[in-house]
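For reference, the chains in residue letters:
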Amino acid sequence: MKVEFRFEDHLPHQAKAIESTVALFSGIPKRHQGVYAKGGSYMLEPRNPQLTIGTKFLENVQKTQLGNGIFVDDTLYGGHFGIEMETGTGKTYVYIRSILTLYETYGFKKFMIVVPSKAILLGVQKTLEQLQGHLKAKHNVDISKHSFVYDSKDLGRLRTFVESHDLDICVINYQGFNSAKNLIQKEQEQGGEILWEQIKDIHPIVIMDEPQKVEGSKKKPSKARQQLTELTPLFELKYSATHRKEFPFNSIYSLDSFAAYEQELVKRIRVRTVYGQVPKDQPYLRYVQFNRDLSATVELFCQQQGRQAGKISPKKFRVENNADLHELSGNLPQYKGYRIAAQPHATKPLMVTTPAGDIEFEQGEAKPSISQEMAKRIQIRIAIESHFQKQFELLDAGLDIKTLTLFFIDDVSKVRDDSVADNRGEYLRIFDEEYEAFTGKAETQFKLQEYSYLFPKGIATEQVREGYFARDSKNGVAELKYNKAGTEVLSKSQEDIDRGIELILKKKDELITFSEPLAFIFSHSALREGWDNPNVFTLCTLRKSNSDIAKKQEIGRGLRLPVDIHGNRISSNEHNVLTVIANDHYDHFADTLQKDFNEEMGFNREEVTPTVLQNALVNAGVPLEKITPLLVNALRHELTRKKVISDKNVLTKDATEKIEEIFFAHETLAEHAIQIKKHFIMLMDQKGSRKVKVENGDVEPILNAECKYVSEGEFKTLLDRLTTHLSARTLYKFQLDSDAFIQQCIRETNKHFAGQKLVYTTGVTSGDVGFDASGKLVAERDNVVREEEVEYRATPEEYRKTDLQIVDHIMYHTLMPRQAILEIVRGFHNRDLLHSQEKLEDFTRLIFNALKTAKAEGVHAYEVVKGYELDRSKILEADVIDEEAFAAQIKRVYQTSAARKKAVHEYYNMDSKGEYDFAEQLDADDNVVLFTKLKKGGFVIDTPYSDYSPDWAIIYRTEGHLKLYFIVETKAGKDWEDLTDVEKSKIKCGELHFQAVSDEIKFDWVNSYKDFRNKFVK
């Protein structure tokens, strides 16, 4: 049985990546070369329309960069564009959809997808296969007839690629590209056509997958890079999770690791370690580090108090001479008599007095210690336990997902040992023992019996585990050979790896069905590229030592969101967790992994990014129409000039003091100076805490359940009534004077375009030509293309658009009535300008923004939509609590008072200190009967700008014992004039929404708890 994968075509991050590529060509006219191609030996128009990559292109790049939070470039890098997408977020899907969208929109026909390895090539081939039906439905294209994998034995297919007049996509790995030119030229010598020259003349568009693995370095470009340059592609689109700018490009889209985690596009990461298995009644102690203040940081078991009373987990303390570890542990009996015996010293071991005598600890050392042999057994044991816990958790939740566990090893003989009779290596022998022990437990047998219908072939040990390794030409397990540095496998070994990966991919679909019993996979680390299976929930790297822990590249093999047996992608953040089993301590593993993420993302907490500058302008209340690439750059230049940031966009040491002294020269910046400075500092503070969360699986997570009293009598009645009010879905009503609006659009568009002329950018090609010995016309040197602007009094025929085409374009983007659009177009004084695609898009944008503003100003009421409600379970969904943030006590997590019995949940994540203070005062107010923070995106109000989610729901008791329902939006520290027009409009919409829902509810915004009492409690 195979699973038929179902692809979603509306995921925002993928749509944004596709739109960012297509937007590069907005308004750019296409030009066609003459009938005489270079060399003159044949007459053929190029299959791809040629482009003039110049000023307009740069403007499009800058707009796209600003919209995606990327610093705008001042120059173009020869038609090379970068798209960053985190592993597991659909990079291959995005570039395939981008190809088809470019084909539909601009008529680009010839594409070459260049990949770095056979493994990725096979993956792309598999994806094209799986996408066949999906692409047919979306683009009416049978992709199987318009794509092929390059085969050096079939150059005829390459000729078809050159000669066909329709869409064609060639998939080739860079090793094949290295040899392609030589093979083609060899055939030419034997009388074949000049195929290489023909490929150059069609100017294919190159899609490069993982370019950092294809191009080599600036000092030593790979053969593939050299030949790609010689091929003169129309442009190159480079897709990677980890770009390196050895060869410059304009970055146009970025979805890094942090953004992917924040948007829940990949699994969460949880780490379980061998040290987490130390029994809690043991005197566990670790010397973490020596500190600058001459203290030592140690970790030991600690008994918690309060709501978590009785819970024992590791905790770090700073200690000096004579520190009592028994007292620090919360009086756990195993630490009785344990003290720090001497003042910690940078170059000496830490001395600890125990009832059994003094013990020395080196930095990083923990006791009781675990041998490497025992560590491997514990890792395998935890992996098996984690596998079944996740499998049963998913099934109990009604999710038909089969889980997989992946072991990466470095030594094949640890799994396949030809020196023993049964060929089982050390790891396989341990696995079999631990697997049989776990599945033999009564509780495991009970759950397996409950779901026995899903395992028709049973779960016998020999059926559930398998090894996938490099294979030689005779299909035997191959020993890999590396270069002298040990960093890269030799080419012969790479062929063996490719054969192993081919076996993996052949079984990819069957592996996620319950009819296939295989669930535990051992594989060599070198084959990791083949293991992008979405249903890997447990990953265990069995190393020879704990010094070489799993890195992001290996973790990435299990980050994709899972797929059920029906082919549906499952986006439940609650269940989508990858558990990594580490032979390491949690904090060291998490820190090392975080550094690896940061290095690959190029993340620097002190770097001032375009997103920070843009958000500072937005939050400061600068009108949106003024926030352009030029304004963002102006702010950047002024901060650099005053040495708040360096030339490399990094904060200087005394940036906080220096920014207060700035007097902005730019008029708009000066007008909003106070708020820009304030929000810039706030945003940089927030950025400093930006990281991919690595959860600690060794400690019990904070369970943020509903408080027990929620289901009790009056509280339950009140909560049910509140939820009923919140679940109501409404639509806004607005009044719009059509005639006045049409006249307003005519005035604004005529004013905006006043004095603009119809100018087209064209490329003029020049070069020397001559005749060769046979009398054929040839170019004696490569042509040079220069950009020229040509002003037209009348639009050239090839660019003319009919009124119908113009109206259809505007109607598609604004959903306005055809007649209204036609009147606006007829009232526009310079009708010829709209033949330019660029001007038409600008014209459409003006009308659309005017419409949004007019709707917002004209909203006068909301109407409840009967029979259509929001999902009640999402409205009051509990926050997932960050244990680290809670433990750090930095006002990012608020713990409600159990004694006061007011909050729906025990814990709430806070967006700011102001929110935290507000929650604290709600909890302390005797007149508050019930309060909860509303889940962003769970409760939404439809507005002309976008969906709106207020912050708080509160039930309040007045003196007359009347219970009032309040919905509150908090804007801590702001006055009404500090709010943006969009914020003000959304608050107005909130008021009208709740007026339509119930007279019992009052809505308003507040800037403090005092303001709340003044506005709501009178």
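Quick notes on the rules
- Within any chain, residue numbers begin from 1 and follow the written order of that chain's sequence.
- Only residues with pLDDT of at least 70 get local features here, since the model is predicted, and only at 80 or more are side-chain atom pairs given and counted; chain-wide, interface and lining totals rely on the full set of residues.
- Note: side-chain values were computed over all heavy atoms of the structure, leaving out hydrogens and water.
- Only DSSP runs of H or I covering at least 4 residues are called helices, and only runs of E covering at least 2 are called strands; the numbering of each starts at the N terminus.
- Each residue is placed in one exposure class: buried if its accessible area under a 1.4 Å probe, protein chains only, is under 20% of its type's maximum, exposed if it is over 50%, and partly exposed if it falls in between.
- A contact between two residues is defined here by any heavy atoms of the two lying within 4.5 Å.
- Per-residue and other accessible areas follow the Shrake-Rupley method at a 1.4 Å probe size, with only the shown protein chains counted as cover for residues.
- When DSSP finds two or more bridges between a pair of strands, those strands are recorded as paired.
- The angle between two axes is taken between their N-to-C directions and runs from 0 to 180 degrees, where each axis is a line fitted to C-alpha atoms and a helix contributes only its stretch in contact.
- Side-chain rings of Phe, Tyr and Trp, where Trp is taken by its six-membered ring, are said to pair if the distance between their centres is within 6.5 Å; with planes under 30 degrees apart they count as stacked, over 60 as edge-to-face, and otherwise as tilted.
- Definition of nonpolar core: a set of buried residues of the types Ala, Val, Leu, Ile, Met, Phe, Trp, Tyr and Cys, connected through side-chain atoms within 4.5 Å.
- A clockwise course of the path from the first strand over the helix to the second, judged with the strands pointing away from the viewer, identifies a crossover as right-handed.
- Oblique is the label for any angle not under 35 degrees, not over 145, and not in the 65 to 115 range, which are roughly parallel, roughly antiparallel and roughly perpendicular in turn.
- In a left-handed crossing the near helix is turned counterclockwise from the far helix by less than a right angle, and in a right-handed crossing that turn is clockwise.
- As a per-residue measure, pLDDT tells how confident the predictor is, with possible values from 0 to 100.
- What makes a patch is a set of residues exposed beyond 30% relative accessible area and free of salt bridges, joined within 9 Å when like-charged and within 5 Å when nonpolar (Val, Leu, Ile, Met, Phe, Trp, Tyr).
- Whenever a carboxyl oxygen of Asp or Glu lies within 4 Å of a side-chain nitrogen of Lys or Arg, that contact is scored as a salt bridge.
- For the purpose of charge, His is not counted, nor are the chain termini; Lys and Arg are scored as positive and Asp and Glu as negative.
- By convention, the point assigned to a charge is CZ for Arg, NZ for Lys, CD for Glu and CG for Asp.
- Amino acids outside the nonpolar list (Ala, Val, Leu, Ile, Met, Phe, Trp, Tyr, Cys, Pro) and the charged list (Asp, Glu, Lys, Arg) are all regarded as polar, and Gly is one of them.
- By definition, the arc is the one covered by directions from the helix axis to the C-beta atoms.
- Nitrogen and oxygen atoms within 3.5 Å of one another constitute a polar contact, given that in protein one can donate a hydrogen and the other can accept it, and given that sequence-neighbouring residues count only through two side-chain atoms.

### Re the overall build of the protein chain
Broken down by element type, the protein chain carries 34 helices and 33 strands. Evaluated residue by residue, the protein chain yields a buried proportion of 52% over its 1018 residues. Taking as baseline every contact in the protein chain between residues at least 6 positions apart, the subset at least 24 positions apart corresponds to 72%. Approximately 47,800 Å² of the protein chain is accessible, and the part contributed by carbon and sulfur atoms is 49%.

### Thoughts on unusual backbone geometry
The step from K367 to P368 runs through a cis peptide bond, and the omega angle for that step is 0°. As for its position among the elements, P368 is in the loop between β15 (366-367) and α12 (372-396). Positive phi is not limited to glycine here, since T232 has a value of about 50°. Although it is not a glycine, N423 adopts a positive phi angle of roughly 65°. N423 sits in the partly exposed class, given a relative accessible area of 36%.

### Notes on the environment of I384
With respect to the secondary-structure elements, I384 resides in helix α12. Here the alpha-carbon distance between I384 and F431, two residues 47 residues apart in the chain, equals 8.4 Å. Apart from residues lying up to four places away in sequence, I384 is in contact with F431, E434, Y435, F438 and F520.

### Brief notes about the sheet that holds strand β21 (residues 694-696)
Ordered by their spatial adjacency, 7 strands build an open sheet running β17-β18-β16-β19-β20-β8-β21, and the pairing between neighbours is parallel. Of all strands in the sheet, those bounded by a partner on one side alone are β17 (465-468) and β21. Across the sheet, the mean angle separating the axes of adjacent strands is 25° when strand polarity is ignored. Those strands touched by helix α13 (residues 426-439) are β16 (404-409), β17, β18 (520-524) and β19 (536-542), and its axis lies near 165° from that of β18.

### As for the packing of aromatic side chains
The description of an aromatic ring pair rests on the distance of the ring centres and on the angle between the ring planes. Applying the stated criterion to the full structure yields 42 aromatic pairs. Between F7 and Y93, the ring centres sit 5.9 Å apart and the planes meet at 5°, which makes this aromatic pair stacked. Of the two residues, F7 is situated in the segment before α1 (12-22) and Y93 in helix α3 (residues 91-106); the sequence distance between them amounts to 86 residues. What makes Y93 buried here is its relative accessible area of 6%.

### Points about the sheet that holds strand β13 (residues 350-354)
Strand order in the open sheet formed by 3 strands is β12-β13-β14, and the pairing between neighbours is antiparallel. In this open sheet, the two strands that pair with only one neighbour each are β12 (339-340) and β14 (357-361). Sheet topology note: the β12/β13 ladder contains 2 bridges and is antiparallel. Bridging across to β13, I340 finds its partner in V352.

### Topic: helix α20 (residues 610-619)
Taken as a whole, α20 has its buried residues at P610, V612, L613, Q614, A616 and L617. Positive phi shows up at G621, right after α20, with a value of about 90°.

### Let's talk about the nonpolar core
Judged by nonpolar contacts, the single largest core of 57 residues is most densely connected at F407, F431, F520 and F522. Among the elements that take part in this core, α12 stands out by supplying 9 residues, more than any other. In this structure F431 touches I380, I384, F407, T461, V464, R465, F520 and F522, once residues within four positions along its chain are discounted.

### Observations concerning the pairing of strand β4 (residues 168-173)
Among the 6 residues that make up β4, 6 are buried, leaving the element largely enclosed by the rest of the structure. The pairing of strand β2 (residues 110-115) with β4 spans 6 bridges and is parallel. Residue pairing across strands places F111 opposite I169, the latter belonging to β4. Once the chain exits strand β3 (residues 147-149) it traverses helix α6 (residues 155-163) before rejoining the sheet at β4, and the crossover so formed is right-handed.

### Remarks on the packing of helix α27 (residues 803-814) against helix α29 (residues 837-858)
α29 packs onto α27 with a crossing angle of 40° between their chain directions and a minimal axis gap of 10 Å. Judged on the interaxial angle alone, α29 and α27 are oblique. With respect to the hand of their crossing, α27 and α29 are arranged in right-handed fashion. Within the contact between the two elements, α27 uses I806, H809, I810, H813 and T814 and α29 uses Q837, L840, E841, F843, T844, I847, F848 and L851.

### Topic: the confidence of the model for the protein chain
Summing up the model confidence of the protein chain, the mean pLDDT is 83 and the portion of residues at 70 or higher is 84%. Counting contacts from residues 30-44, a segment whose pLDDT is below 50, to residues more than four positions away or on other chains yields 35 contacts. Confidence drops under a pLDDT of 50 for residues 765-786, and excluding neighbours within four residues, the segment shows 36 contacts in the predicted structure.

### Some remarks on the pairing of strand β20 (residues 577-582)
Within a regular strand, side chains alternate between the sheet's two faces. The buried count for β20 comes to 6 of 6 residues, which makes it a mostly enclosed element. What you see with β20 is no split at all: V577, T579 and I581 on one side and L578, V580 and A582 on the other are buried throughout. Pairing geometry for β19 and β20, over 3 bridges, is parallel. Bridging from a neighbouring strand, L539 pairs with V580 of β20.

### A closer look at a negative patch on the surface
Together, E264, E574, D871 and E877 give the surface a local cluster of negative charge. As for its position among the elements, D871 is in the loop between β27 (859-869) and α30 (872-875).

### Observations regarding the packing of α12 against helix α14 (residues 442-450)
Relative to each other, α12 and α14 sit at 40°, their axes nearing to 11 Å. Overall, the two elements α12 and α14 adopt an arrangement that is oblique. Seen along the crossing, α12 lies across α14 with a hand that is left-handed. The segment α12 lies against α14, with F388, F392 and D396 engaging T444, K447, L448 and E450. Among the residues forming the contact of α12 with α14, the class breakdown is 3 nonpolar, 1 polar and 3 charged.

### Details of the pattern of salt bridges
Overall, the coordinates contain 50 salt bridges when judged by the stated rule. Between R225 and E215 there is a salt bridge whose closest N-O contact spans 2.6 Å. In this pair, R225 is assigned in helix α9 (residues 223-230) and E215 in the loop between β5 (205-209) and α9, connecting sequence segments 10 residues apart. For R225, a relative accessible area of 4% translates into the label buried. Measuring nitrogen to oxygen at the nearest pair gives 3.0 Å for the salt bridge that ties K447 to D396. You can see K447 sitting in helix α14 and its partner D396 sitting in helix α12, a full 51 residues away along the chain. In this structure, a network of salt bridges that share partners links the residues E215, R225, E236 and K238.

### A short note on helix α5 (residues 132-139)
Among the residues making up α5, those that are buried are H134, L135 and H139. Across the axial projection of α5, the buried residues extend over an arc of 95°, all falling on one side. Each element contacted by the buried residues of α5 is listed here: α3. Of the residues one or two after α5, N140 is the one with positive phi, at around 55°.

### Let's talk about the environment of A953
Within the secondary structure layout, A953 lies in strand β31 (residues 952-957). When its relative accessible area of 0% is taken as the criterion, A953 is described as buried. Along the primary structure A953 and K933 are separated by 20 residues, whereas in three dimensions their C-alpha atoms are 6.4 Å apart. If near-sequence neighbours (up to four positions away) are discounted, A953 is found in contact with L722, L726, L930, F931, T932, L934, F966 and I967.

### Overview of the side chain of S998
The topology assignment puts S998 in the loop between α33 (981-997) and β33 (1001-1006). Taking the relative accessible area as the measure of exposure, S998 reaches 11% and is therefore buried. Polar side-chain contacts of S998 include one of 3.0 Å to the backbone nitrogen of E1000.

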